[in-house]
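Examination of the molecular architecture
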Amino acid sequence: MSKELIIILLISPLVGFLINGLFSKWLKGNEKLSGTIGALAVFISLICSIIAFVTINIDSNATLEGDDGFVYKWIAGGKFSVDIGFHVDALTTVMLLVITGVGFLIHVYSIGYMHGDEGYTRYFAYLNLFVFAMLILVLGNNYLMMFVGWEGVGLCSYLLIGFWYEKQSATDAGKKAFIVNRIGDFGFLLGMFTLFAAFESLDFVTIFDKAETGTSAINVVFGETTKVTLMVATLLLFVGAVGKSAQLPLYVWLPDAMEGPTPVSALIHAATMVTAGVYMIARSAVLYNLAGTGVVVAWIGVLTALFAAIIALKQNDIKRILAYSTVSQLGYMFVGVGIGAYASGIFHLVTHAFFKGLMFLTAGSVMHAMANELDIRKMGGLRKKLPITHATFLVGALAIAGAPLLSGFWSKDEILHSAWGSSKIIYIIGLATAFLTAFYMFRLIFVTFYGKSRVEPEVDSHVHESPAVMWLPLVILAVPAALIGLLLGVGGHDSWFHHFTEDVFPKADKAPGSVLLFMAISSIVGIAGIAFAWTRYKDRAPAAEPTNALQKKDFSWLVANKFYVDEIYNTFIVQPIKNASHFLLWKLFDVGIIDGIVNGVAALIRVIGGLFRRLQTGVVQAYILSMVIGIVLFLAYYLFFVN
Amino acid sequence: MLLSLVIFLPLLGVIAIALLRGMGPSVVKGIAFTISLLTFVISIGLYTGFEETATDTAFQLVEKENWITGLGISYHIGIDGISLWLILLTTFLTPVCILAAWNSVEKGLNGFMMSLLALETGMLGVFCSLDLFLFFVFWEAMLIPMYFLIGIWGGERRIYATIKFVLYTMAGSALMLVGILALYFQNGNSFDLTTLSGRFTHDSYLFLAFFIAFAIKVPLFPFHTWLPDAHVEAPTVGSVILAGVLLKMGTYGIIRFCLPLFPEAAALHTPWIVTLAVIGIIYGALVAMVQPDLKKLVAYSSVSHLGFVVLGLFSQSHEAIQGSVLQMVNHGLSTGALFLLVGMIYERRHSRMIVDFGGLAKRMPIFASIFLIVTLSSIGLPGLNGFVGEFMILLGSFVEGAFSKWYVVFATTGVILAAVYMLWMFQRVMFGKLDKTNESLPDLNSREIAVLVPILVFIVWIGVFPNTFLKPMETSVEKVATKVQVPRSTPAVGQVNNPGETQKPLLKQNTEIRLSHEEEAQTK
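Residues numbered from 1 in each chain as written. Chains lettered and ligands numbered in written order. Predicted model: local features only at pLDDT ≥ 70, side-chain atom pairs only at ≥ 80, totals over all residues. Heavy atoms only, no water.

In this section: the overall build of chain B. Summing up its helical and strand segments, chain B has 20 helices and 2 strands in all. For chain B, the C-alpha radius of gyration of 22 Å lies close to 24 Å, the compact-globule estimate for 524 residues. Considering only C-alpha atoms, chain B reaches an extent of 75 × 55 × 40 Å along its principal axes. Per-residue burial over chain B gives 66% buried out of 524 residues. Here the contacts in chain B between residues at least 6 apart in sequence split such that 82% fall between residues at least 24 apart. Taken as a whole, chain B presents about 16,900 Å² of accessible surface, with 66% of it coming from carbon and sulfur. (Helix = DSSP H or I, 4+ residues; strand = E, 2+ residues; numbered from the N terminus. Rg over C-alpha atoms; globule rule 2.2 N^0.38 Å. Buried < 20%, exposed > 50% of the residue type's maximum accessible area, 1.4 Å probe, protein only. Contact = heavy atoms within 4.5 Å. Areas by Shrake-Rupley, 256 points an atom, 1.4 Å probe, with all protein chains shown as cover.)

Written as C-alpha cells, this is what we have:
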C-alpha cells in the first residue's frame, strides 16, 4: 500500500476544514457549496479507505508499517523521539471504513438536517476537522499520535456539543465532555510515560516486538517484575479509554453530549469517537494479554453495560435513551476486548456503528418532523406519518435487540459466547443486559411509533417525512445495519471477519459449547425483551413523574433520576474544589497569608523607619540638646568608670 | 558584532526618539516599530548563523572586550541554543507589542516607546551576558523601564503594584549580588561566566542566593503574589512583556547559573524546589479557576505553567530540561497572546471582569476563533505548541526524574485543571447570550489581526514541527543535563556537601574538557 494514498486519505478532510473554516465569510450564503465541500472531502477519504481495505483484502501482507509509513520526525530530544507515521493493517482499514463510510453518510444527511442554521459553514468545518482527527487516531503508528487524534476528536466533540453556543446547557455539556475526557487523558498520559520508561519507545511495532520478545527487553518501572509494570501501564491506558468511551465511572458526559446536533451524536457519540477506547485496547492487545489486566476491562465493561441499560429503562428523552444505550453497548465491546476476544469486540464496534448511527439519524428525522421535540411521551403513533423513519428505526432496533440474523445478533452473541468461556458471571450479566436492551429499545419504538398519537395539535399538523437528502442516508445505512453481521459474522470464530483480522490479534481460545445453542439462548432473550415491552407499552405512554413522597423513595424513581450520579459528583467533588479554591486558597492563603506577610514586612519597615525619622526633627535646639546629653554622658563615663 | 547590534539597536531607537522631539505621534510610532522590526529581522541572522550541529562549542557569536580591567569586568556576550530562542522570543514580541499599543497610549507616547525599546535592550542583554557583572547591570537596568511602564501607563493601583514588583525583584537581586561577589572572589577576581566551573565553597548558600532571586522572578510559589498585581495594573503591552519575557529571566537564570554552577547544591535542594513547583502547578490552576478578573486569571495560570518549567529544569533529565526551554518560549507566545486578547476587549469594553462578558462569539467571530486557538494552546492541546513542551517535561521527569514519580502524577493533574479554568473562562466570555452592553462591540480590525496572526503561526509551527526549535538547543541542553547528572553518581544525597574523593577526578575532568572547548570557541 502506498503512503501517498494514506496521505490523501488523511489530508482531504483537513483541506475541507480549512476551506470551510477560513472562507466561512464567503461561503456563508451558500449552503449547498459549503455542505458539498464537507461531504466531498470525506467522500475522497472513503474512496481511499476502500482502496486500502481492498488492498489488504487481496494481499494480507500489503500493510503499511514501520519505516514504510514514516512521514517525518515530530518530536526528538535526548533519548526521546517520536515520528509522524502511519500504521495501516486490517484493524486500521476496518476502522477507516467505519469512520469514512458512516462519516460520509452523516455529512450528506447533515446537508439537509442543518438547513437554515446560522452556523452551517462552521458546522461542516468542525465535522471535517473531526474526521481528520479521528483518522489520525487510527492511522498513527505510535501512542503519541493516537493521543493527538484522541485529543483532537475531544476538541471537536467539545465544539460540536456546544455548537449552539447561546444555549447554556449546550456549552455546559461541551465543557463537561472535555473535562471528563481530560481526566481520562490524565491516565493515558501516565500510561504513555510508563510505556516509554518500559520500552524506551512509543512506537507500536517496537513496543509489541519487545513485548513479544520477552521480559528481558522490558525495563521494570513499577514493582519487581515487568508484569507489574505492564499491569500499571495497561490500566493507566484503560483510564483513558474509560473517559473517551464513557464507561463507569466517567460515563456522565455522554448523555449530556446529546445537546449537540443529532448527526453529531450519530457520528461522534455513537459510531466513531466513543469507540476509540475499544480501538486502543484492541491495538494494544499484546500488552493486555501479557499484563492480564483484560479482566478489569471486561468487568468494568459488563457493569457499565448493565448499569446504563437500567438507566435507559426509565428515560423519556429519545436521544438520551440512545445515549445510555451507546454507553451500554460500549460496555459489551469492552467485555469483548477484555476477555481476549479482540476480533469479536471490534466486530461489535462495526455493527454498532451502523445500527446505532442509523438510530441516531432516525431520531434526528423524528425531531426534524416534530419541531425538535425529544420527549417520547409527546409522540406516539408516528409510524403512519413517518413510514421510512419508522421502518429504518425498526431495523436498527431489531439489530441492537439481537433479533436473529440481524447484525447485532452476530456480534453480541460472539461476545457473550466468548464470555461464557471466560467467566460465567459476566455471561449472565451480559445476557440480562441483552434482555434489558431489547426491552428499552422497543419501549422506545412502541411509545414513539405505535399507539395513539399524543402529539400536541399545533405540532401535529406539521409532522412530515424528512427530505430525500435525509431519508436516503437512512435507507443506505439500514442495509449494513441489517446485513453486515450476516456478511461478516457467520461461522463465529471461523467467520470472515476473524480471518481478516487474524494477523492483528493474538489468537483467542475457542469458546466452549455449541454455537447454535448460544445463538438460540440469545435469540430467546432478545425476543422475550421485545415481547415484554409489547405487553407494557404497546398502547400506553410511560407514567407521569410521581409526586408523592412514598413513590419517590422506590427504586424506579432512583433509576429515573439516573442514580443521582451527576448530583453526587457535583456535591462531593466539583463544589468542594471550587469553594476551597475560592475561600481557602485565594482569599485566605494568597491574599490573606502570603500578601499579609509581604505587606506586613513592608509595614514593619515603615514603622521602624518612622521611629528613626522622629530623630530627624529639623529643630536645631533638639539636635543641640541631644548633643549636650551625649557629651555629658561621655564625660560621666570617663570620669566615673575609666579611672 | 551581530549580537551587539541586536542588543543595542533598540537603544538607538530610544536615542532617536529622544533627539527628534516634537515629531508627531505617527512618526514616533513609526520609528519605534521600524527599529524593533529591524531588530527582529537582524536577530533571525542569529538563528541562521547558529551552528546547531557544533557539538564542541559552548557559546557562539562570542564578543569579548575589556570593560573595567582593574576589576576583571569585561563586555563578554555570546549565545547558545538556549538563549537563542529567548532572544528571538524577545525580538519577536517587541514589534508585536508596539503594533498592539498603536492606539492605546494617550499620554506620553514618546516615553512609552522609549521605555519599551530600552526594556528590549535590557532583556536582550540579560540573555546574552557571559559576564556576571554585565548580567547584573542588565538585570537591574531592565527594571527601570518596566517600573515606568507600570507606574505611568498602568491602572488605578499602579503605584502599589509597581513598588511591589520592584521591591520583590530587588530583594532577590540583593541576594544575587552577594552571590555574584562571592563567586568573583572564589574565581580569582573574575566575573567571567565561561571560566566559572567546578566546585565552590559554601555552594549551597551561593545556590540559594541565586535561586531565590530567580524564583521570585519566575515566580515560584509562594513568591508569586507580586505577579497578579503587576499584571492587573500593567498596560496590555507591559503584561505581554512581563509574562512573555520577564518571567523567563527567572527560569533562564536557573538554567544558566543555578544548575551548571552548583549542580550538587541543586541536587541537594531539588526535593523542596520541585515540591514547590508541583504545588504551584496545582495551586496556580485552582486559584486561576476562581478569578473574576481575566488578567488575574491569566496571571495565576502563569504560576501554574511556570511550575511545569521549574519541575522540568530540576528533573536532571535531558528531555525534561529541553521541554522546559521550549515551554518558556511556548508560554511567552500563548500567554502573551492571551494578554493581547484581553487587552483588545478591554479597549472596547473597559472591563476585564468575566461577568461583564458573555456571548461575544456571536458579535466577534474572528476574535472568538483566535481566542479559542490561543486558549487551546494554553491548555496544551496536541498539535499546538503548549503540548510539546508539557509532554517532554512530564515524560522526562517521569522516566528519569531525580525525584519520585508521584511528583509527576500530581503535576499531570495540572493538565486536567488547565482545561477546567481555561474552558470555563472561555465559556463565560464567549458563549451564552449576548449582553445588551456588548452588542455594539466591533470585531478585530486588520491591525489587531496583524498583531495576532504571527503569534498564531508560531503556535501552530511549534506544535506541528517542534524539531525546528528543539534541534538547535539539543547540544546546549545536553551540556546542562550532563552537568547536573554528575551528582547523581554520588552514593547518597547527604554526602553532596562532603564529596568523597572518588568523584573529584570525574568532575575535574569534565571541567577541563569544558574549558578547552570554550577556548576553542573563543578563538574562532
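Take the interface of chain B and chain A next. The interface of chain B with chain A comprises 60 residues on the first partner and 50 residues on the second. For the pair chain B and chain A, the summed buried area comes to about 5,000 Å², and 71% of that belongs to carbon and sulfur atoms. Linking chain B to chain A there are 4 salt bridges. Here Glu166(A) ties to Lys362(B) by a salt bridge, and the two come within 3.1 Å at their closest N and O atoms. The element contributing the most residues to the side of chain B that touches chain A is helix α17 (residues 405-430) of chain B, with 14 residues. Residues of the side of chain B that touches chain A, tallied by class, amount to 40 nonpolar, 12 polar and 8 charged. (Buried area = accessible area lost by both parts, 1.4 Å probe. Salt bridge = Lys/Arg side-chain N within 4 Å of Asp/Glu carboxyl O. Nonpolar A, V, L, I, M, F, W, Y, C, P; charged D, E, K, R; others polar.)

Within the fold, Thr94(B) resides in helix α3 (residues 81-100). Its relative accessible area of 1% is what places Thr94(B) among the buried residues.

As a further point, take the packing of helix α18 (residues 407-422) of chain A against helix α19 (residues 424-449) of chain A. Residue and element names in this part refer to chain A. Contact geometry for α18 and α19: axes closest at 6 Å, N-to-C directions at 155°. What the angle tells us is that α18 and α19 run roughly antiparallel. Each of Lys-412, Leu-416, Ala-419, Trp-420 and Ser-422 in α18 lies in contact with α19, whose residues at this interface are Lys-424, Ile-426, Tyr-427, Gly-430, Leu-431, Ala-434 and Thr-437. The residue inventory of the contact of α18 with α19, partitioned by class, reads 7 nonpolar, 3 polar and 2 charged. (Axes fitted to C-alpha atoms, helices over the stretch in contact; angles between N-to-C directions. Parallel < 35°, antiparallel > 145°, perpendicular 65-115°, else oblique.)

The residue Phe262(B) is located in the loop between α10 (236-261) and α11 (263-289) in this model. When near neighbours in sequence (up to four residues on either side) are disregarded, Phe262(B) contacts Leu183(B), Phe200(B), Asp203(B), Leu206(B), Phe207(B), Phe210(B) and Phe257(B).

With that settled, consider the layout of surface pockets. Residues and elements named next belong to chain A. Of the voids in this model, the second largest pocket is the one considered here, and its volume is about 1,100 Å³. As for the second largest pocket, its lining consists of 35 residues, and the residues nearest its centre are Lys-175, Lys-176, Ile-179, Asn-570 and Val-574. Of the residues that constitute the lining of the second largest pocket, the class distribution is 18 nonpolar, 8 polar and 9 charged. (1 Å grid on protein atoms, 1.4 Å probe; cavity = no way out; pocket = protein on both sides within 12 Å on 5 of 7 lines; lining within 4 Å. Points joined across faces, edges and corners; volume = space filled by probe spheres on them.)

To continue, consider the side chain of Asp185(A). All names here are of chain A. Topologically, Asp-185 is positioned in helix α7 (residues 168-199). Buried and without a salt bridge, Asp-185 has Arg-182 as its closest oppositely charged side chain, separated by 4.3 Å. If we ignore the near neighbours within four places in the chain, the residues touching Asp-185 are Phe-147, Trp-150 and Glu-151. (Lys, Arg positive; Asp, Glu negative; His and termini not counted.)

A separate point is the state of the cysteines. Chemically, a disulfide is nothing more than a covalent bond linking the sulfur atoms of two cysteines. One pass over the full model with this rule turns up 0 disulfides over all chains. There is no disulfide at Cys48(A), and the cysteine sulfur nearest it, in Cys156(A), is 20 Å away. Here Cys258(B) stays free of any disulfide, with the sulfur of Cys128(B) as its closest cysteine sulfur at 19 Å. (Disulfide = S-S within 2.5 Å.)

Overall, the coordinates contain 83 aromatic pairs over all chains when judged by the stated rule. Judged by centre distance (5.0 Å) and plane angle (70°), the rings of Tyr184(B) and Phe185(B) are edge-to-face. With relative accessibility at 7%, the residue Tyr184(B) sits in the buried group. Judged by relative accessible area, which is 58%, Phe185(B) ranks as exposed. An angle of 20° between the planes, with centres 4.2 Å apart, marks the rings of Tyr184(B) and Phe191(B) as stacked. By relative accessible area, Phe191(B) is classed as buried at 4%. Members of the aromatic cluster, connected to one another through ring pairs, are Trp74(A), Phe80(A), Phe147(A), Trp150(A), Phe188(A), Phe193(A), Phe196(A), Phe222(A), Phe387(B), Phe391(B) and Phe398(B). (Phe/Tyr/Trp six-rings, centres within 6.5 Å; stacked < 30°, edge-to-face > 60°.)

This part is about the nonpolar core. Ranked by internal contacts, the top residues of the largest apolar core, which has 407 residues, are Tyr143(A), Leu144(A) and Phe314(B). Discounting residues that sit within four places of it in the chain, Phe314(B) has contacts with Phe207(B), Phe211(B), Ile254(B), Leu259(B), Ala266(B), Thr270(B), Ile273(B), Val274(B), Ala402(B) and Phe403(B). (Core = buried A, V, L, I, M, F, W, Y, C linked by side-chain atoms within 4.5 Å.)

What follows concerns the packing of helix α15 (residues 318-338) of chain A against helix α16 (residues 342-369) of chain A. All names here are of chain A. Relative to each other, α15 and α16 sit at 175°, their axes nearing to 9 Å. Classed by the angle they form, the pair α15 and α16 counts as roughly antiparallel. For the pair α15 and α16, contact is made by Ile-318, Lys-319, Leu-322, Ala-323, Ser-325, Thr-326, Gln-329, Tyr-332, Met-333, Gly-336 and Val-337 and by Tyr-342, Gly-345, His-348, Leu-349, His-352, Phe-355, Lys-356, Met-359, Phe-360, Ala-363, Val-366 and Met-367, respectively. Taken together, the residues that form the contact of α15 with α16 break down as 14 nonpolar, 7 polar and 2 charged.

Where strand β1 (residues 60-68) of chain B lies against strand β2 (residues 73-79) of chain B, 6 bridges are found, and the strand directions are antiparallel. By the bridge assignment, Lys64(B) is partnered in β2(B) with His76(B). (Pairing = 2+ DSSP bridges.)

Bear in mind that shape data such as this cannot, by itself, settle questions of function.
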